[in-house]
Amino acid sequence: MTATPLRKGFKQMLAEANARIETIDVQHALRLVGDPNVQFVDIREAHEIAQSGTLPGAVHAPRGFLEFMADPECPMHKRELAGRKLVLFCASGGRSTLAAKTLLDMGIEDVCHVAGGIAAWSAAGGPIEK
């Protein structure tokens, strides 16, 4: 059985997302820690957080539920995802790239993601909460 070619693969989706979203490096992200106008959002799965921890004060909004948690009209809405700049991160930056574009598409404009994700954060010596 031959695979049907995709109209748009992950590489094209990432390229399109990167053309629209704000990407910050780890050093910029580190300077945002403690800023009351910023909310870090961990979009990884729960088992990933259990294994490696997360950023102090980060809200967990798994990629599979992000749209529901970001929408104030949804019963799953997390109020922490409204009214502040959202800084998304995942393991290495791919999922957070797509997630940031999704939030932009929803009308949430004050959003960015951390290049390299928590892997880059840890390599830079950023604080981790277990």
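Structure: see above.
Residues numbered from 1 in each chain as written. Predicted model: local features only at pLDDT ≥ 70, side-chain atom pairs only at ≥ 80, totals over all residues. Heavy atoms only, no water.

K.L.:
Can you tell me about the overall build of the chain, naming the residues and giving the values?
P.N.:
Of the regular secondary structure elements, the chain holds six helices and five strands. Computed over its C-alpha atoms, the radius of gyration of the chain comes to 15 Å, within 12% of the 14 Å expected for a compact globule of 130 residues. Each principal axis of the C-alpha atoms in the chain carries an extent, and together these give about 50 × 35 × 30 Å. Looking at the chain residue by residue over its 130 residues, the buried ones come to 38%. Taking the contacts inside the chain whose residues are at least 6 apart along the sequence as the reference set, 62% of them involve residues at least 24 apart. For the chain, the exposed area adds up to about 7400 Å²; of that, 55% sits on carbon and sulfur atoms. The chain carries 14 positive and 15 negative side-chain charges, and their two centres are separated by 5 Å. (Helix = DSSP H or I, 4+ residues; strand = E, 2+ residues; numbered from the N terminus. Rg over C-alpha atoms; globule rule 2.2 N^0.38 Å. Buried < 20%, exposed > 50% of the residue type's maximum accessible area, 1.4 Å probe, protein only. Contact = heavy atoms within 4.5 Å. Areas by Shrake-Rupley, 256 points an atom, 1.4 Å probe, with all protein chains shown as cover. Lys, Arg positive; Asp, Glu negative; His and termini not counted. Charge placed at Lys NZ, Arg CZ, Asp CG, Glu CD.)

K.L.:
Let's hear about the nonpolar core: which residues, and what values?
P.N.:
Ranked by size, the top nonpolar core spans 18 residues in total, and within it Val-41, Leu-81, Leu-86, Leu-88, Leu-103 and Val-111 carry the most contacts. Among the elements that make up this core, the one with the highest residue count is helix H5 (residues 94-106) (four residues). With near-sequence residues (within four places) excluded, Leu-88 lies in contact with Val-41, Ile-43, Leu-66, Ser-96, Ala-99, Ala-100, Leu-103, Val-111, Cys-112, His-113 and Val-114. Ranked by size, the runner-up nonpolar core spans 13 residues in total, among them Val-26, Val-38, Leu-55 and Val-87. (Core = buried A, V, L, I, M, F, W, Y, C linked by side-chain atoms within 4.5 Å.)

K.L.:
Give a description of the state of the cysteines that names residues and reports values.
P.N.:
Overall, the coordinates contain zero disulfides when judged by the stated rule. Cysteine Cys-90 remains unbridged, with the sulfur of Cys-112 as its closest cysteine sulfur at 13 Å. On the basis of relative accessible area, Cys-112 is assigned to the buried category, the value being 0%. (Disulfide = S-S within 2.5 Å.)

K.L.:
Quick rundown of the environment of Asp-35? Include the residues and the values.
P.N.:
On the secondary structure map, Asp-35 appears in the loop between helix H2 (26-32) and strand S2 (38-42). Take Asp-35: its relative accessible area is 28%, and that puts it in the partly exposed class. In this structure the side chain of Asp-35 is engaged in a polar contact, spanning 2.7 Å, whose partner is the backbone nitrogen of Asn-37. (Polar contact = N/O pair within 3.5 Å; in protein donor to acceptor, adjacent residues only side chain to side chain.)

K.L.:
Lay out the pattern of salt bridges in plain terms, naming residues and giving numbers.
P.N.:
Close approach of charged atoms allows side chains with opposite charge to pair. Taken as a whole and assessed by the stated rule, the structure comprises eight salt bridges. Here Glu-22 and Lys-85 are joined by a salt bridge, their closest N and O atoms 2.9 Å apart. One end of the pair, Glu-22, is in strand S1 (residues 22-24); the other, Lys-85, is in strand S4 (residues 85-89), and 63 residues separate them in sequence. According to the relative accessible area criterion, Glu-22 is partly exposed, its value standing at 33%. (Salt bridge = Lys/Arg side-chain N within 4 Å of Asp/Glu carboxyl O.)

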